[in-house]
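What follows is the residue order along each chain.
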Amino acid sequence: MIPFNKLGWAFHRFGKRIYPQEVRQSLCRFLDALPSEAKVLDVGAGTGVLCELSLACRDDLVLTAADPAKGMLQYCGEHVQTVVAPAETLPFDNDSFDAVLMGEALHHFRDVDAAFLEIKRILKPNGMLFIYDFNPKKLKGKLIAKGEILLGEPGNFFEPSILATKLATFGFKANSEQYGYRYTLHAKMLPQ
Ligand SMILES: C[S@@+](CC[C@H](N)C(=O)[O-])C[C@H]1O[C@@H](n2cnc3c(N)ncnc32)[C@H](O)[C@@H]1O
């Protein structure tokens, strides 16, 4: 397993490098659709890189960062509320957030289905989900996936169209944008 709890300093120092310009622009386009002072939850937030990039898009967002590793969360900025929790059991009421973000985190979740059920529960009606991850069908994505599995991580990497199909079973409509071996996915909860 990757010892995230001890790696906060490294993600704090180098974490932004994992987010190229196209991914930052995709994030800003996603956030544009939210109401003013929207409540946004970053799941698997680590040191809060995605929160920081979100605030660079829009400074009115009310951000919460959730992650099981306290040693990562301690580096989050002062404008971000932090909560120690895994994606599979989020300590929030139903219908609490306008949007959920996941940056390079989904593939670390042990139980992806449980995480999506939780995200659906805590999102408001018409809530939105942003995912950034690596495509295991591309060479670099495949190498990252193999490396992580060797390190004892779950390696839950999805090809974007398969992830979109999976999200449909949880009531989301999703569109992906691909940038080489990286992709973003913008999803919206359909009316029940
Ligand atoms: C590669 S880091 C990415 C952190 C951050 N999102 C970023 O972009 O810098 C993956 C994060 O997923 C977290 N993580 C691992 N298992 C998790 C789980 N079951 N639920 C939520 N987060 C988890 C780790 O603690 C770590 O902070």
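Here is what the cut-offs are and how they apply
- Think of each chain on its own: its residues are numbered from 1, step by step along the sequence as written.
- Local features in this predicted model are restricted to residues whose pLDDT is 70 or higher, and side-chain atom pairs enter the listing and the counts only when it is 80 or higher, whereas totals over whole chains, interfaces and linings include all residues.
- Only hydrogens and water are set aside when side-chain values are computed; all heavy atoms of the structure are taken into account.
- The cutoff for a nearby residue is simple: one of its non-hydrogen atoms must lie within 4 Å of the molecule or strand.
- Side-chain atoms alone can form a polar contact between residues adjacent in sequence; in general such a contact is a pair of N or O atoms within 3.5 Å, and within protein one must be able to donate a hydrogen while the other accepts it.
- Per-residue and other accessible areas were derived by the Shrake-Rupley procedure at a 1.4 Å probe size, with only the shown protein chains allowed to occlude residues.
- A cavity here means a set of 1 Å grid points, computed over protein atoms only, where a 1.4 Å probe fits but cannot escape. A pocket is an open set with protein on both sides within 12 Å along at least 5 of 7 lines, and lining residues have an atom within 4 Å of a point.
- Throughout, a molecule is located in a cavity or pocket provided that more than half of its atoms lie within 2 Å of its grid points.
- Burial classes follow relative accessibility: with a 1.4 Å probe on protein chains only, a residue under 20% of its type's maximum area counts as buried, one over 50% as exposed, and anything between as partly exposed.
- Secondary structure elements are taken from DSSP: a helix is a run of H or I of four residues or more, a strand is a run of E of two residues or more, and numbering for both begins at the N terminus.
- Strand pairing is assigned whenever DSSP identifies at least 2 bridges connecting the two strands.
- Whether a crossover is right-handed depends on one test, that the path from the first strand over the helix to the second runs clockwise when the strands point away from the viewer.

Novice: I tried to follow the site of the ligand on my own but got confused; where do I start?
Specialist: The immediate surroundings of the ligand are formed by 18 residues, with Y19, G44, D67, A87 and G103 found nearest. E88 has a polar side-chain atom sitting 3.0 Å from a nitrogen atom of the ligand. In isolation the ligand exposes 590 Å². Once the protein is present, 95% of that is buried. Its atoms largely coinciding with the cavity grid, the ligand occupies the largest pocket.

Novice: Can you walk me through the pairing of strand β5 (residues 123–134) in this structure?
Specialist: Remember that side chains alternate between the two faces of the sheet whenever the strand is regular. Counting buried residues along β5, 9 of its 12 residues qualify, which places the element largely inside the surrounding structure. In the sheet, strand β4 (residues 97–103) pairs with β5 via 6 bridges, with the strands oriented parallel. Considered in β5, the bridge of F97 is made with L123. With helix α5 (residues 112–122) bridging β4 and the parallel β5, this β-α-β connection has right-handed handedness. Summarising the sheet, β5 and strand β7 (residues 182–189) pair through 7 bridges and their orientation is antiparallel. Its bridge partner lying in β7, Y132 is registered against T184.

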